[in-house]
Amino acid sequence: MSDVYAGLFYFAAFVLVAGLTNKVIQYARTPAPLKIPTTPAPTTKTGVALRLTREVVFFESLFRGSKWTWIFGWMFHFGLFLVTLRHLRYFLEPVPMPIQLIQPFGIYGGIAMVIGLAGLWGRRFLVDRVRYITALSDHLILALLITIGLSGLMMRFVVHTDIMRVKQFFQGLYVGQVYTLPADPLLLLHLLLVAVLMIIFPYSKLLHAPGLFFSPSRNQVDNPREQRHLAPWARRLEQD
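Everything numeric here is computed off the predicted structure, so don't read it as measured data. (Residues numbered from 1 in each chain as written. Predicted model: local features only at pLDDT ≥ 70, side-chain atom pairs only at ≥ 80, totals over all residues. Heavy atoms only, no water.)

1. Considerations on the UniProt feature "transmembrane region" (unreviewed entry) in the protein
Item 1. Under the feature "transmembrane region" (unreviewed entry), the UniProt entry names residues 6–25, 68–85, 105–127, 139–159 and 179–201.
Item 2. End C-alpha to end C-alpha, residues 6–25 measures 29 Å, and it is 100% helix and 0% strand.
Item 3. This span, residues 105–127, is 96% helix and 0% strand, and a straight line between its end C-alpha atoms measures 32 Å. (UniProt positions renumbered as here; feature names shortened; annotations may be inferred. Helix = DSSP H or I, 4+ residues; strand = E, 2+ residues; numbered from the N terminus.)

2. Notes on the nonpolar core
Item 1. Counting 17 residues, the largest nonpolar core has Tyr5, Phe9, Phe169, Phe170, Leu181 and Leu191 as its most contacted members.
Item 2. Listing elements by their share of this core, those giving two or more residues are helix H1 (2–29), helix H9 (163–173) and helix H10 (185–200).
Item 3. In terms of residue count, H10 provides more of this core than any other element does, six residues in total.
Item 4. When residues no more than four places from it in sequence are discounted, the contact partners of Phe9 are Phe170, Leu173, Leu191, Val194, Ala195 and Met198.
Item 5. Among the nonpolar cores identified, the runner-up in size contains ten residues, and Phe76, Val83, Met113 and Leu117 belong to it. (Core = buried A, V, L, I, M, F, W, Y, C linked by side-chain atoms within 4.5 Å. Buried < 20%, exposed > 50% of the residue type's maximum accessible area, 1.4 Å probe, protein only. Contact = heavy atoms within 4.5 Å.)

3. As for the packing of H1 against H10
The relative placement of two packed helices is expressed as an angle between their axes plus a distance between the axes.
Item 1. Where H1 contacts H10, the axes come no closer than 8 Å and their chain directions differ by 25°. Comparing the axis directions of H1 and H10 gives the class roughly parallel. By crossing handedness, the relation of H1 to H10 is classed as left-handed. Contacts between H1 and H10 involve Tyr5, Leu8, Phe9, Phe11, Ala12, Ala13, Val15 and Leu16 from the first element and Leu188, Leu189, Leu191, Leu192, Val194, Ala195, Met198 and Ile199 from the second.
Item 2. Among the residues forming the contact of H1 with H10, the class breakdown is 16 nonpolar, no polar and no charged. (Axes fitted to C-alpha atoms, helices over the stretch in contact; angles between N-to-C directions. Parallel < 35°, antiparallel > 145°, perpendicular 65-115°, else oblique. Left-handed = near helix turned anticlockwise from the far one by under 90°. Nonpolar A, V, L, I, M, F, W, Y, C, P; charged D, E, K, R; others polar.)

4. A look at the environment of Ile200
Item 1. In this structure, Ile200 sits in helix H10.
Item 2. Put simply, Ile200 and Gly19 are 181 residues apart on the chain and 9.2 Å apart in space, counted from C-alpha to C-alpha.
Item 3. Filtering out sequence-adjacent residues up to four positions away, Ile200 remains in contact with Ile141 and Leu144.

Right, dumping it as structure tokens:
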């Protein structure tokens, strides 16, 4: 079983890195022929950087659009951030002090993550216009994320596992050595779902994270009067 999971995580890591790299290259190569920043927009590059920071950290546009969606969305993303930091202890040795200090907050992050996901999933049933555009894939992704969160919390509060052997397993993958995983069904389910998430991430709606930085409505300076916007391909046509 450990060999199967080792192969699965090697494959999942390859798909995740290759898929993300391919998508980022695709985003970077997509032309932006028009000046279309969402107004009111910043008129300097520093303002654009601050705007992107507010979007990434505080979800500014979502806050303006829907307060309830913002609350649950921010809870999920910030909880996921804390959970990710908490899980770094399985991949680092020695564990840096900041990661040690954040361990108890990662538990609360897991709870916030599940509550946020539950709110976002309930929205897809209770809000008519959202339910109308919701696809089966949306429900499956939310179910996957909630199951990952719940299985992780259950291993913390209900069915404990040998986390030192889990850490040994993942650190062994760095050097191509497969150590034995604990045979706990809940742990195996949790790891299986995490691997599935890694595989589908670059090809699903979850990929909105890096896409934000390439969105012309967010990353452009609002200076069409001061400076003519000319896409690279249009500049080449003019030169020809």
